[in-house]
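What follows is each chain in one-letter form.
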Amino acid sequence: RWRERRRAALRRRAWLVLHFTVSICGAALVKWAQWASVRRDMFPEDFCEAMSALHDDAPRHSRRQTDAIMEEQLGVPISAVFAHFPDEPVASGSIAQVYRCTLRPEVATACSARDPELARRLRLQHKQWAAGQRAMQGQQGHGLQRHSSGGGSGAGA
């Protein structure tokens, strides 16, 4: 019984080290760990539990980096667009942070008045994105089948 408790404690420590290591290795490995955390049919329960923390609490970048990225994308300081932009994100995923912000009223009005074609362009972009996703899924499915060995379906699940 003592050995079981010790083994469990060592496993928890190992998963913490793995969690830390994954979090500093970048978005691709974080995304893999997020996927692995929900595959309880493939990985041990304690591993899945440790990696599941990466769903809402992936590594965060600094507010200074957020400001630089937003200002580069917007072309103006954040304060010119947002009435409120909090210091801390609501959540952090593998490739983005989520903030609960408030647009300045004049920005929201200017956007809708200045660009009547926005809805049409967004629909077009969505169609293009969806077509790209379908094409990528087709390539991924084909690749899995081509590289599979044995008599299975190739895709696994």
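Further up the page is the structure itself.
Residues numbered from 1 in each chain as written. Predicted model: local features only at pLDDT ≥ 70, side-chain atom pairs only at ≥ 80, totals over all residues. Heavy atoms only, no water.

**Remarks on the pattern of salt bridges**
Then, in step 1: Counting across every chain of the model gives 6 salt bridges.
Then, in step 2: A salt bridge links Arg39 to Asp41; the shortest N-O distance between them is 2.6 Å.
Then, in step 3: Taking the shortest distance from any N to any O, the salt bridge between Asp87 and Arg63 comes out at 3.0 Å. Linking Asp87 in the loop between strand 1 (82-84) and strand 2 (91-92) with Arg63 in helix 4 (residues 63-74), this pair joins segments that are 24 residues apart in sequence.
Then, in step 4: Overall, the relative accessible area of 56% leaves Asp87 in the exposed class.
Then, in step 5: What emerges from the salt-bridge pattern is a single network uniting Arg40, Glu45 and Glu49. (Salt bridge = Lys/Arg side-chain N within 4 Å of Asp/Glu carboxyl O. Helix = DSSP H or I, 4+ residues; strand = E, 2+ residues; numbered from the N terminus. Buried < 20%, exposed > 50% of the residue type's maximum accessible area, 1.4 Å probe, protein only.)

**A short note on the nonpolar core**
Then, in step 1: Counting residues in hydrophobic clusters, the biggest one holds 10 residues: Trp15, Val22, Val30, Ala33, Ala36, Phe47, Cys48, Ala50, Met51 and Leu54.
Then, in step 2: Mapped by element, the contributors of at least two residues to this core are helix 1 (2-25), helix 2 (27-37) and helix 3 (45-52).
Then, in step 3: If one sorts the elements of this core by residue count, helix 3 sits on top with 4 residues.
Then, in step 4: Once residues within four sequence positions are removed from consideration, Ala50 is found in contact with Trp15 and His19.
Then, in step 5: Counting residues in hydrophobic clusters, the runner-up holds 6 residues, among them Ile78, Phe82, Phe85 and Tyr99. (Core = buried A, V, L, I, M, F, W, Y, C linked by side-chain atoms within 4.5 Å. Contact = heavy atoms within 4.5 Å.)

**So, the packing of aromatic side chains**
Then, in step 1: Within the structure shown, the criterion is met by 8 aromatic pairs.
Then, in step 2: Judged by centre distance (5.0 Å) and plane angle (35°), the rings of Phe43 and Phe47 are tilted.
Then, in step 3: Ring centres 4.8 Å apart and planes at 35° place the aromatic pair Phe85 and Tyr99 in the tilted group. Pair noted here: Phe85 is in the loop between strand 1 and strand 2 and Tyr99 is in the loop between strand 3 (97-98) and strand 4 (102-103), with a separation of 14 residues, a long-range link.
Then, in step 4: By relative accessible area, Phe85 is classed as buried at 12%.
Then, in step 5: Residue classification places Tyr99 among the buried residues on the basis of a relative accessible area of 16%.
Then, in step 6: Put simply, the rings of Trp15, Trp32, Trp35, Phe43 and Phe47 pair up and form one aromatic cluster. (Phe/Tyr/Trp six-rings, centres within 6.5 Å; stacked < 30°, edge-to-face > 60°.)

**Overview of a nonpolar patch on the surface**
Then, in step 1: A surface patch of nonpolar side chains, amounting to about 380 Å² of accessible area, comprises Leu29, Trp32, Trp35 and Met42.
Then, in step 2: Relative to the elements of secondary structure, Leu29 occurs in helix 2.
Then, in step 3: Judged by relative accessible area, Leu29 falls into the partly exposed class, the value being 34%. (Patch = residues over 30% accessible without salt bridge, like charges linked within 9 Å, V, L, I, M, F, W, Y side chains within 5 Å. Areas by Shrake-Rupley, 256 points an atom, 1.4 Å probe, with all protein chains shown as cover.)

Function-wise, these values are silent; they only describe arrangement.
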